[in-house]
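Geometric and topological summary
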Amino acid sequence: MTICGFQYGNKVWTNPTFSVSQIPCPNSDTIVMSNCVSVVLGQDGWSVTYTTQSICTLKGSTVELTCSYTYPRGKVTTTFWFTKMEAGIEPEDLGQDPEYAGRLEYHGVKKKDCTLKITDLRERDSATYRFRLLTDQEGGKFSGSPGVTLSVTGLQVKVTGGHQDKTLTCSTTCTLTDNPTYIWYKNGQHRDESTSPQYKYSVSNDYDASYSCAVKGHEDLHSPAVCVVGESCMNVTYTHQSICALKGSTVDISCFYTHPSWHNVIEVSWFNKWESGVTKDLSLNPEYADRVEYHQQTDKGSTLRITDLRESDSTEYKFRFTTDEARWGYSFPGTTLTVTGSQVEVTPKWRSESKTLSCITTCTLSNPNPIYIWYKNGQNLDESNSPQYKDPVSSNYDDSYSCAVKVHEDLLSPAVCVQGQSCNRVTYTKRRICALKESTVDISCTYVGFYNTTSSFWFRSDKSTPEDLTRDPGYAGRVVYTGTYRGPFTLRITDLREEDSAEYRFTFKTYNFDWGHSFPGTTLTVTDLQVKVTPGTVTEGSWVILTCSTTCTLTEIPNPTYIWYKNGEELFSDSSPQYHYSVSRGSSDSYSCALRGHDKLSSPEVTVDTSSLSCFRVTYTSRSICSLIPSVDLPCTAIYPTDLQVKVTPDTKTGKRTLTCSTTCTLTDNPTYIWYQNGQSLAWLTSQQHSVWSSETESYSCAVKGHEDLRSPAVCVQGYNCWRVTYTKRRICVLKGSTVDISCSYTHPTSYIEQGSFWFTQKDPVDVRSYPEYAGRVEYNRNTENHHTMTITHLTEKDSAEYKFILITTDEGRFSGLPGVMLTVTDILLEMDPTSVSEGERVTLRCRTQCTVGLNPTYIWYKNGQSLTNPITSYNSLILDPVTSYNSLILDPVSSYNSLILDPVSSEDAGNYSCAVEGLERILSPEETLTVRCEYMGC
């Protein structure tokens, strides 16, 4: 039969001038193909009707090949699709072809319908697909021809045209089915939609711009972005458009990005949520706390690593970068992650002598050629490249099976019964546990035995033979078993030690059965607390960040409260693991941390020595931290630079000058240096010294890689004859409703004459005074020559931004001081934990801001609107411990450690509390109410 033909009974009509109405339909064996779309080939009651003869669709998409069929008599025994057929050889079922593993779904039934779905299409899937059915009658075989021709294509942007205006076309290797709508992106931002594959606007020679196209409904299958001119435009290319990963595993989502060589990258981030163009950095998302890491593989490569995957992590992830000239758009499709568990599917569902087992997931795993591991009754049984177990299994009521993927054996499926629900099986409550050293942990499971259990015990998987933990000398006096059959059976280990970190498994015996020893159990990691110290910026009064960290995310304390100690005395407690404080000259203090409820399990102390601000020294006593520092002795010391300077040394022989990035102390590591010219990074310079011509009018500064915030002041190669902006402060934190001054000094080459200057926040320099939201609130002041101050009054949180100063001179001279000043406008809030207490309990009140206001702010406390005259403290916590009703409030700051302990406290201290920062008393926090329950007669 020809493609454009009609079959009438046993006669084939190929005259294309026939109309459909001219051909009668005498019986069910006669099917009319309308517009050369539907095809029927039949003989003696056999027929297959394909809904369409040809399909053109996108690589990575899903397609449905639909058909229906008839047969003369008997019962259908087998149906399948195939692409290859040789004379005298039975065609191969596509379902058995490894190329299609996990990508085929047969939605047909053994009556008439024979629809096939193919997912994750690849260009090599392009072929002609035919349907075949077999019946129980002699000679009962039939293949429907000519089938459906499938063409799989990618998208490409073709650039044509002259030197100036160019035309963009979204090109495919075949004509897409169903009249698609094309979507266009410029620099990662959605620009236009059209039914024409040609971009409706002509584009000019924009060296920055890249363009990409997609088809609506398949935005994730976009074309690669192409440069209009050259090869270094803005572009992001993701390594994978989609990833399928196992729940509980770790995934790497990677991309590579490019930008014009004259651009400098100032920010990179990954995100999965955005509103009105504002993206939210994943590393700051509480849902991903301690589970997200950014890794930079190359100068222009970035990897997002997510650990301990959850099904709720299934979403699209995107990368964004910002340069000093442009920003990559947020609407460009990224990588779609699907997180799946594994399940054993037993077929058929009804009773039968044998069953087929399949290890199924909700998506096709991205790791190439996964190896599946099978367990029977807890014992390793087999490994295979196929997700289907190699042999049918007998329908024994006592047997259970589970599966896992090699390298992820701890992420195995739940054990399932082949028949019924009473088979032998063990189910662990948790696969991973992270617990504190010296604490107590419970490791639990439930188990079912088909016959009566004779014995059961827990053991470590790293032992050569299973040994009951209660008989292990290493656990003497520290192990207890609790629980019952079919209920939680628990292993309790007390006084945890780091050497207890191991995988723990449970086994049981009946009179004729042992549960296997190779079935993965629960992995325990024992961690201690460690204080890690990160220096802030270079000047006195800037921040130091202390982080109370663990080597794993604590599972037994889901929402910990951290307690901080300074020189052995309690400082404050908070839900955040970080403590920020301002550096002051001449101090040497020890810090440690603990968790509420585990107060006695505190971290080793860390000594922070700022007696000389030229060197910032941190002394650790923890062996695990010291192992990360190039020092073999305990205690170990890390040294950070707190004062970087660029020294200029003239070389009269060469006419050059040598720039040296100088520190006032020797760093512990061999640092990589970063150089900046006029505020822009010189990525190719990594050495401590750099030579420049003496006649240059550029300014230079430097930093140490990993501490880019610690950038040195900019210097001129020759005197003050250069472009330079020096900000008085690089970061400012102020209260909402207050006033701020942002200042800088500047120089320019003497051959230029200053004509104007202003402050701006956006990519394109526009005077902030021109924005309606700043109307009447911004004032410029020139205190002295080459010094400029901007004052902003009545601050709001929307004023938080990076403010940059630009200088305008003759000869079209324009110089922006980059980076600028980061202004953060914060509310002041009072946190009270708890808000209702009984006498004798503890209350912590904390005056919180998003950032530290000023250098060493003093906090003032109010009760019922009245100032508590003595509780004025340089720290922001008020501790009521214990709360009693015996006496009135004794206002006595008993400690010099920036906290105030009020002891004892009267029940009359119940009331409404608020706080403020000294000097800004008019800006009070909202009130919080403290309730004290009286437990004594007459109070």
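Everything numeric here is computed off the predicted structure, so don't read it as measured data. (Residues numbered from 1 in each chain as written. Predicted model: local features only at pLDDT ≥ 70, side-chain atom pairs only at ≥ 80, totals over all residues. Heavy atoms only, no water.)

1. Section: the overall build of the chain
To be explicit about the condition: Helix and strand assignments come from DSSP, with helices taken as H or I runs of at least 4 residues and strands as E runs of at least 2, each series counted from the N terminus. Only protein chains enter the accessibility calculation, which uses a 1.4 Å probe; a residue is then buried when its area is under 20% of its type maximum, exposed when over 50%, and partly exposed in between. Each accessible area is a Shrake-Rupley estimate made with a 1.4 Å probe; only the visible protein chains count as cover when residues are assessed.
For the chain, the helix and strand inventory stands at one helix and 78 strands. Within the chain, buried positions represent 47% of all 939 residues. Of the roughly 45700 Å² that the chain leaves accessible, carbon and sulfur atoms contribute 47%.

2. Comments concerning the confidence of the model for the chain
Our working rule: Per-residue confidence from the predictor is reported as pLDDT, which spans 0 to 100. The criterion used for residue contact is that any of the two residues' heavy atoms lie within 4.5 Å.
When pLDDT is averaged along the chain, the result is 79, and 82% of the positions lie at 70 or above. Low pLDDT, under 50, characterises residues 1-41; the stretch is placed with 68 contacts to residues that sit more than four places away or in other chains. A low-confidence stretch, residues 872-876 (pLDDT under 50), is modelled with 24 contacts involving residues beyond four sequence positions or located in other chains.

3. A short note on the sheet that holds strand 60 (residues 715-716)
Going by this rule: Between any two strands, at least two bridges found by DSSP are needed for them to pair.
The four strands are arranged 57-56-59-60 in an open sheet whose pairing can be described as antiparallel. Each edge of the sheet is formed by a strand with only one pairing partner; in this case those strands are strand 57 (680-682) and strand 60. Strand direction decides the pairing type here: strand 56 (residues 673-677) and strand 59 (residues 699-704), joined by five bridges, are antiparallel. Following the sheet pairing, tyrosine 676 is matched in strand 59 by serine 701.

4. Some thoughts on unusual backbone geometry
Of note, the amide linkage connecting serine 145 to proline 146 takes the cis form, showing an omega dihedral of 5 degrees. Relative to the helices and strands, proline 146 is located in the loop between strand 12 (141-143) and strand 13 (148-153). In this structure, the amide linkage connecting threonine 347 to the following residue, proline 348, adopts the cis form with an omega of -5 degrees. At aspartate 308, a position not held by glycine, the phi torsion is positive, near 45 degrees. Locating aspartate 308 in the fold gives a position in the loop between strand 26 (301-306) and strand 27 (315-323). Looking at aspartate 308, the relative accessible area reads 37%, which means it is partly exposed. With a phi close to 50 degrees, asparagine 567 is a non-glycine residue in the positive phi region.

5. Describing the state of the cysteines
Operational definition: We call a pair of cysteine sulfur atoms a disulfide when they lie within 2.5 Å.
For the structure shown, the criterion picks out 12 disulfides. Each disulfide pairs two cysteine sulfurs, and for cysteine 56 the partner residue is cysteine 174, the sulfurs being separated by 1.9 Å. Judged by the torsion about the S-S bond (75 degrees), the cysteine 56/cysteine 174 disulfide is right-handed. In this pair, cysteine 56 sits in strand 5 (residues 54-58) while cysteine 174 sits in the loop between strand 15 (166-171) and strand 16 (182-186), placing the two residues 118 residues apart along the sequence. The pair formed by cysteine 56 and cysteine 174 is uniform in burial state, with each residue classed as buried. Here cysteine 244 is linked by a disulfide to cysteine 363, with a sulfur-sulfur distance of 1.9 Å. Because the sign of the S-S torsion sets the handedness, a value of about 75 degrees for the bond joining cysteine 244 and cysteine 363 places this disulfide among the right-handed ones. Remark: cysteine 363 occurs in the loop between strand 30 (354-360) and strand 31 (372-376) and cysteine 244 occurs in strand 21 (residues 242-246); sequence separation between them is 119 residues.

6. Quick notes on the sheet that holds strand 9 (residues 104-106)
Working definition: the strands of a sheet are paired by backbone hydrogen bonds and lie parallel or antiparallel to each other. Our working definition: Helix axes are fitted to C-alpha atoms over the stretch in contact, other axes to C-alpha atoms as well, and angles between N-to-C directions run from 0 to 180 degrees.
Here we have three strands laid out as an open sheet, ordered 6-10-9, and antiparallel in their pairing. Two strands close off the open sheet at either side, each with one partner strand: strand 6 (63-65) and strand 9. Adjacent strand axes in the sheet meet at a mean angle of 20 degrees when their direction is disregarded. One ladder, built from three bridges, connects strand 9 with strand 10 (residues 116-118); its direction is antiparallel. Residue pairing for strand 10: leucine 104 is matched across the bridge by isoleucine 118.

7. Topic: the packing of aromatic side chains
Test applied: Pairing of aromatic rings covers Phe, Tyr and Trp, the last through its six-membered ring, and needs centres within 6.5 Å; plane angles under 30 degrees mean stacked, over 60 mean edge-to-face, and all others mean tilted.
Taken as a whole, this structure holds 43 aromatic pairs when the rule is applied. Here the aromatic rings of tyrosine 238 and tryptophan 270 are separated by 6.2 Å at their centres, their planes lie at 65 degrees, and the arrangement is edge-to-face. Of the two residues, tyrosine 238 is situated in strand 20 (residues 235-238) and tryptophan 270 in strand 23 (residues 265-275); the sequence distance between them amounts to 32 residues. As far as the burial class goes, tyrosine 238 and tryptophan 270 line up, both buried. Linked through ring pairs, Tyr375, Tyr428, Tyr447, Trp458, Tyr481, Phe489, Phe506, Phe508, Phe513, Trp515 and Phe519 together constitute an aromatic cluster.

8. Description of the pattern of salt bridges
Just so we agree on the cut-off: Here, a salt bridge means any side-chain nitrogen of Lys or Arg that lies within 4 Å of a carboxyl oxygen of Asp or Glu.
Enumeration over the complete set of coordinates arrives at 26 salt bridges. Here aspartate 500 and arginine 478 are joined by a salt bridge, their closest N and O atoms 2.9 Å apart. A residue pair is termed long-range when its members are at least 10 positions apart, and aspartate 500 in the loop between strand 41 (489-493) and strand 42 (502-510) and arginine 478 in the loop between strand 39 (453-460) and strand 40 (479-483) qualify at 22 residues. Arginine 505 serves as the salt-bridge partner of glutamate 503, at 3.0 Å between the closest nitrogen and oxygen. Because the salt bridges share partners, they merge into one network encompassing Glu90, Arg132 and Lys141.

9. Section: the pairing of strand 47 (residues 562-566)
Counted residue by residue, strand 47 has five buried out of five residues, so it is predominantly covered. Neither face of strand 47 is open: one carries Tyr562, Trp564 and Lys566, the other Ile563 and Tyr565, and all of them are buried. Two strands pair when backbone bridges link them, and strand 47 and strand 48 (residues 569-574) are joined in this way by five bridges, in the antiparallel orientation. Note that in strand 48 the partner of lysine 566 across the bridge is glutamate 569.

10. Side note on the environment of serine 701
The residue serine 701 is located in strand 59 in this model. Not counting residues up to four positions away in its chain, the partners in contact with serine 701 are Val646, Ile674, Trp675, Tyr676, Arg711, Ser712, Pro713 and Ala714.

11. As for the environment of tryptophan 350
Checked against the element boundaries, tryptophan 350 lands in the loop between strand 29 (343-347) and strand 30. Residue tryptophan 350 is classed as exposed on the basis of its relative accessible area of 61%. A sequence separation of 69 residues divides tryptophan 350 from glutamine 419, and the C-alpha atoms of the two residues are 9.1 Å apart.

12. Looking at the pairing of strand 63 (residues 740-747)
Most of strand 63 sits inside the fold, with six of its eight residues counted as buried. In this structure, strand 61 (residues 724-727) lies alongside strand 63, joined through four bridges in antiparallel fashion. Its bridge partner being in strand 63, arginine 724 is matched across the sheet by threonine 747. Direction of pairing for strand 63 relative to strand 66 (residues 787-792): antiparallel, over a ladder of six bridges. Across the sheet, the residue bridging to valine 740 is isoleucine 792, located in strand 66.

13. As for the environment of proline 197
Tracing the backbone through its elements, the reader meets proline 197 in the loop between strand 17 (189-194) and strand 18 (210-215). As a C-alpha pair, proline 197 and serine 171 span 26 residues in sequence and 7.1 Å in three-dimensional space. Leaving out residues up to four positions away in the same chain, proline 197 has contacts with Leu168, Thr169, Cys170, Tyr182 and Trp184.

14. Quick notes on the side chain of arginine 425
So the rule is basically this: In this tally Asp and Glu are treated as negative and Lys and Arg as positive; neither His nor the chain ends contributes.
By the element assignment, arginine 425 lies in strand 36 (residues 425-428). There is no salt bridge for the buried arginine 425, and the closest opposite charge comes from aspartate 398, which lies 11 Å off by N-O distance.

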